[in-house]
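Chain by chain, the residues run as shown.
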Amino acid sequence: MNPTDIIRAIQENIARVIKGKPQVIEMSLVALLARGHLLFEDVPGVGKTTLAHSLAKSLDCSFKRIQFTSDLLPSDIVGVSIFNRQKQAFEFMPGPIFANIVLADEINRTTPKTQSSLLEAMSEAQISFDNKTYPLNQPFMVIATQNPAEYHGTFPLPESQLDRFLMRLRIGYPSPEEEKKVLDRPQSLHPAEELRPLLATQDVLLLQEQVDRVLMEESITDYLLAIVQRTRQSDLLSLGVSTRGALALSRAAKALSLVRGRTYCLPDDIKELAPIVLSHRIMVARTCCVNLLPFFSECFATGRRA
Amino acid sequence: MPFDQALRFASIWLASTSFIGLTLGAGLPEWLAVLTGAALIAALLRNAGGKSVGRLATYTLMSTTGWNLLVIVGFLGFWVDMLWVSGELLPAGVHFLMVLMIIKLFNLKLRRDYLHLYAISLVAILASGSLTTDLWYLPIFLLYLFVGVWTLLLFQLTKHPEEPRILTMSVAMRPQPLASVSQVTPQFFWLANGLALATFGLTLVIFFTIPRVGAGFYQKGFGENIRTSGFSETVNLGEIGPIKRDPSVVMRVELSDGPPQEAGRLYLRGVAFDQYDGKAWTNRLNYRRAVSEDVAGTFVFRSSRSLATPRLGDTIRQNILLEPLDTPVLFAAPFIERVSGKFPSIQSDLTGSVYLPFPSSSRIEYSVLSRSNPVLPEDLGAEPSVYPESVIRHFLQIPSQPERIAVLAKEITHTQRTIYDKATAIHSFLTHNFRYSLDAPLTEQDQPLEEFLFTRKTGYCEHYATAMVIMLRTIGIPARLVTGFLATEWNEYGNYYVVRQQDAHAWVEVHLPHSGWITMDPTPPSIEGIGSGSPAWHALGRMLDTIRLQWGRFFVQYSAADQLAVVRELKAGSTSARNKAFDSMSTLFSPFMAMFGGMADYASKGTIQSLAEVLVPTLIGLAVLLWLGIRRPWVKGMISKKTTRDEQVIMQLYGRMIGHLARKGIAKLTAMPPLEFVRLTQERWSNAGSAVASITELYCRARFGQIPPTREELSLAENHLRDLMTLEKP
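This text gives an overview of the structure that appears in the document. Just so you know, these numbers come straight off a predicted model, no measurement behind them. (Residues numbered from 1 in each chain as written. Chains lettered and ligands numbered in written order. Predicted model: local features only at pLDDT ≥ 70, side-chain atom pairs only at ≥ 80, totals over all residues.)

A few points about the overall build of chain B
Thinking step 1. Secondary structure assignment for chain B yields 23 helices and 20 strands.
Thinking step 2. Residues counted as buried form 31% of the 730 residues belonging to chain B.
Thinking step 3. Residue pairs at least 24 apart in sequence account for 78% of intrachain contacts in chain B once pairs closer than 6 positions are excluded. (Helix = DSSP H or I, 4+ residues; strand = E, 2+ residues; numbered from the N terminus. Buried ≥ 20, exposed ≤ 12 C-beta atoms within 10 Å, placed from the backbone. Contact = placed C-beta atoms within 7 Å.)

Next comes the structure, spelled out in C-alpha cells:
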C-alpha cells in the first residue's frame, strides 16, 4: 500500500466537501503528517470548521470542538476533578482536549489564561492537572480558527503561542463555479457527515513516521537555513524566525514531499511552504503593512546563491 | 533479471504449464488451444521487452468495460457449452477457464490480477490432474511445482504497494528508492529450486501417508475398454488379422523366475475352440463353472489336466497386469494351475479357459502359476490308441470339407506311425510350405481354408492353426484351436513382457493319449511384426514403458490397501530399528534403564509411541521451517542493490537543457526552484514542456533524492534533450 495513494484518497475525500480548495486541503494534510497544528485565519463562513471536521472524519479519529468565548475557563478545555461519593475521592473527568483532532473555534475570543492552557497541550502533547500529568491521544492536532476582521473584544494570540502553530492558512472565497456547487448540495445534511474514514489512527502515526524518513539533501537544508538567517538580519523585520520555526519548515517540507509522492525534498517545497510556515513567526518592524512576498523572493534568491 | 520482470515471466510460465497440462489432459478444442497458446506467447513476448509487441498489445487492448463484457460473454458461452455443445460440466468448465485465462493474460496490471492468474492456473492443473492418469502428468506437475514456488517467492519479494482503497497499512512502509531494483541472484535461484524440491518431497510423504480415494475418475476414455478380437464364443476365420497392426498395450507379464526360455517367446492362452463350420470357430464346451477358492484370493485348478500323471513339466510364475479389455478372459501361460488376485470369483470352462464374471473396467493385476505340458515318452513310441469318449466326441468334428484336405493330410502323414510324429509332420509341412502374410484376404470367402491350403498358400496364424487342426482331425487325431497372445517383446529394464494388440495369436493344441493336450504352433515366426528403427530407440521406448508401468502401479493405482502395506512395512522397519537402538542404549545406560525400564515398556506397548514417532519429526521439521521463515537468513544475501552512479551525466544534461532554454529566451532565475521552472517553461513553450519535465524529474531525483537514473532513463533523457534541441520555438 502506497502512502501517496492513501494521501491522495484522503484529499479526494475532503475535496468532496470543500470545493475548489485543493491547496488548502493539501496543506492541512501536510500539517497533520508533520505533527503540527493549524491556524486558520479568515473571515467567517468560508469553511474553516467544515474543513477541520472533514479532516477528522476522513481519518477515523476522535474529534472535539471547543467554541472559545471570553468566559471559557481552562477547566472547560482540560477537564475537571469531581468528587466521587462512593470512592470518597476526587476523580478526573477529561475535557474535550482528549481527542485526536481538536477544533478551537475563534481562539482569540478567550482570555490569555485559557489560551495558555491550550499551550501546554499543543507543545508537549500532555496535560498537567492537580500535579498529575495526563498524556493526550496520538495523533494530536489542534486546528484553531480566528477571525481577522473583527478584533473587538478579542485577545490576540501572543507570539509565543503563534509559534506553536505549524502553519497559518487562509482559505479565501471559492470561485463562483465552485460556490455554485456548494449551493446545489442538499442542505439538510452536514456535508462532512457523509464522509467515511479512510485511515485508521495507527496508520496516521505510521504516515507521520514516514515523514522522518524523507530525505532532505544538504544543499536544501542550507537553502532553508539561509532563508531563516535572512529573516533575522532583515531591517524590515523586528523579529526573525526562531529555531523552532526552522525546524517547522523542515518538517513541513518533508511532509509535503511525502504528500506529493516523493521520497526526497525539493527546493520547490521550501519555497512554497515558507510563506505559510514562517509568516506568523515574524514581526514586521514598520506597521505600515508590507507585502512580504517580495521580501521572501529576495530571501529565496539569497538562499540559492548560498 | 530484476524481480518484477522475473515475476511476470514466472507468472506467465505458470499459466503456460497449467495450459499444457490441460491441453494434454482434456483435449481442448483446437481453436481454443491455439488461441490460448497465442495469448501466452504474446504475453511472453511483451514481457521480453519487445517494444513493438508491447505497443501493439496496448493498441489492441480494449477498455475495462470491454473486457468485463467479454467475461460475461464467456460465462454465457459456458452455459451454452454445458447445456448443448459438450453437454457436461467439466469440459465446459475447462473451456471457460481457458477463456478466463486469455482475458487475464491481457489484463496483468495490478497484483491482484496476478493472483487471479495463479488461481486460474491452479484450477487448471487440478482439472488436468483429475482428467488424466498418464505419465506425462508427472513432468508437467513437477514443472508446475517449480514454477509455482518461483512465482510465489517473487510475488512475496516484490511487495509493491498498490490497491489504493485498502485502509490498513499492515507493513511498515519504507520509501523504496525507485531505481534500485532487486535482482535475481544465484542464491535466490538455488533457494527457489531447493524449496520446490523440498515441497515435492513433502508432497510425496503426504501422498503415501494420507488416505486417498481413487484418481482419474474423469479421465479421457475412462471406462472404455480396449476392443479385442478372438476371445468371444465365436470367432470368424480372419478376424484376428486386422488387429495385427494395433500396437496398443494389452497386458504386461512379469516373470519372477527371470527371463524366459524358448527363444524369448511366451504363449498366453486365452480361449480354446472345438467346432469349426467351415468359416468360423465356436466353443461348444462353454459351460462355465466357478473355480473353488483355496486360500482367500487363490483359485486352484485341479482338473485342468485330463490325465492324472504325476510327472509334470516346468512351472512358470507370472504376474500379469491386464489392461481393461472387452472380454472377461484371463490370459496366462498354458496350463493354469493356480490363480491369485483380488477377484470375488473366477470361472473356467471345460477347455481350461479362465474367465472373470464380467469384463473389468480398470487395470487388474493377478498372478498365475502355470505348468507346461511336455510330451511323455510313452507317446513317442505309442501306436494310435484309444481316446476317451469325451475327447472323441468334441475334438474330432470336421466341417463338410472337400475330400482334398483329407487326402492332403494322409499324403503328408502316411509315412509316420505315431500320433506325435504325424502331428509333427503336418506342423512342419505347414511351417515350410506356406508364406506368412498379413495381406492375406480377410473373410468373405466361401472356403477360406481351401483357399489358404491350395490356392493362395499365404495366410496368418489363424489360417495355419485352422489348417492344422482340421488336417489332424481328418486323420483321427483330436485337436483344437486356441487363441491368445504370443509375447515376444521382453523389457529388460522392468523384467516383463509387453503384450500388445498386435501380438494376438492363434495356435493348436493336440491331444496325445498319454500326455494330454500339448501346444503346437504351425505359424512360422513373424517377420513383419518386428518394427524398424534403431535399437537405441527401442531401448528408450522400453525404459519409458517401465516408468509408465511403475507410475501406474505406485501412483495411479495406489490404493488404501497399498497404503496400509507401506505403513505396516515402515512400522516393522521402525520397530526393528527401535529395538536395535534400544539394545545399544540399554547396554550404555543400563543403570538408568533399570529405573525407566518399566515406563519404556509401558510406552512401547501402546500406540502412543508409534504416533509419537510420526509426530515428533514432523513437529521438529515444522519448527525448523518456521524458524527459517522468521529469521529469513537468506534474504540479506539475496537482494542486492544496484549502485551505478550516473548522477554526473544527468546533471550535465540538465545544465545543457538550462543553457538551451536560456538561449531560447526562457532564463532560469536564481530564485527559481526546478519545478517552478518547469511550470514556467510549460507556460511559455508548451511543446517543450514534457521533455523539460522528464529531464527535470531525473535531475531532481539524482540531485536531491540521491537516486541515480538507470541506463534506460538516461538514454531516454538524452533523446528528450535531442528532441528539445531540434524543436522550434514559436
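Some remarks on the overall build of chain A
Thinking step 1. Per the secondary structure count, chain A includes 12 helices and 11 strands.
Thinking step 2. Here chain A holds 306 residues, and the buried ones make up 42% of them.
Thinking step 3. For chain A, the proportion of contacts with a sequence separation of at least 24, taken over those separated by at least 6, is 78%.

Focus on the sheet that holds strand E9 (residues 329–330) of chain B
Residues and elements named next belong to chain B.
Thinking step 1. Across the sheet, which stays open at both edges, the 4 strands sit in the order E6-E11-E12-E9 with antiparallel pairing between neighbours. For this open sheet the edge positions go to strand E6 (289–290) and E9, each flanked by a neighbour on one side alone.
Thinking step 2. Pairing of E6 with strand E11 (residues 347–348), which is carried by 2 bridges, proceeds in the antiparallel orientation. Bridging across to E11, Ala-290 finds its partner in Gln-347. (Pairing = 2+ DSSP bridges.)

Concerning the environment of Asn100(A)
All names here are of chain A.
Thinking step 1. Relative to the elements of secondary structure, Asn-100 occurs in the loop between strand E4 (89–94) and strand E5 (101–105).
Thinking step 2. Spatially, the C-alpha atoms of Asn-100 and Asp-60 are 9.5 Å apart, while their sequence positions differ by 40 residues.
Thinking step 3. Leaving out residues up to four positions away in the same chain, Asn-100 has contacts with Cys-61, Ser-62, Phe-63, Asn-137, Pro-139, Phe-140, Met-141 and Thr-201.

Let's talk about the packing of helix H1 (residues 3–15) of chain A against helix H2 (residues 22–33) of chain A
All names here are of chain A.
Thinking step 1. Two elements in contact, H1 and H2, have axes whose closest approach is 10 Å; the angle formed by their N-to-C orientations is 130°. Viewed along their axes, H1 and H2 adopt a mutual orientation that is oblique. Remark: the crossing between H1 and H2 carries right-handed chirality. Residues Ile-7, Ile-10, Gln-11, Ile-14 and Ala-15 of H1 form the contact with H2, whose own contacting residues are Pro-22, Ile-25, Glu-26 and Leu-29. (Axes fitted to C-alpha atoms, helices over the stretch in contact; angles between N-to-C directions. Parallel < 35°, antiparallel > 145°, perpendicular 65-115°, else oblique. Left-handed = near helix turned anticlockwise from the far one by under 90°.)

Considering the sheet that holds strand E8 (residues 315–322) of chain B
Residues and elements named next belong to chain B.
Thinking step 1. Judged by pairing direction, the sheet is antiparallel, and its 7 strands sit side by side in the order E7-E10-E13-E8-E2-E18-E17 without closing on themselves. A single partner strand is all that each edge strand has here, and the edge strands are strand E7 (298–300) and strand E17 (489–491). Put simply, the sheet's adjacent strands are angled 25° from each other on average, direction ignored.
Thinking step 2. Pairing of strand E2 (residues 249–255) with E8, which is carried by 5 bridges, proceeds in the antiparallel orientation. Considered in E8, the bridge of Val-253 is made with Ile-320.

A few points about the environment of Pro74(A)
Residue and element names in this part refer to chain A.
Thinking step 1. By secondary structure assignment, the location of Pro-74 is in helix H4 (residues 74–78).
Thinking step 2. The exposure class assigned to Pro-74 is buried, which follows from the 21 C-beta atoms found within 10 Å.
Thinking step 3. It is 5.8 Å that separates the C-alpha atoms of Pro-74 and Ser-117, two residues lying 43 residues apart in sequence.
Thinking step 4. Residues in contact with Pro-74, not counting those within four places in the same chain, are Lys-113, Thr-114 and Ser-117.

Any functional reading would require information beyond the geometric quantities listed.
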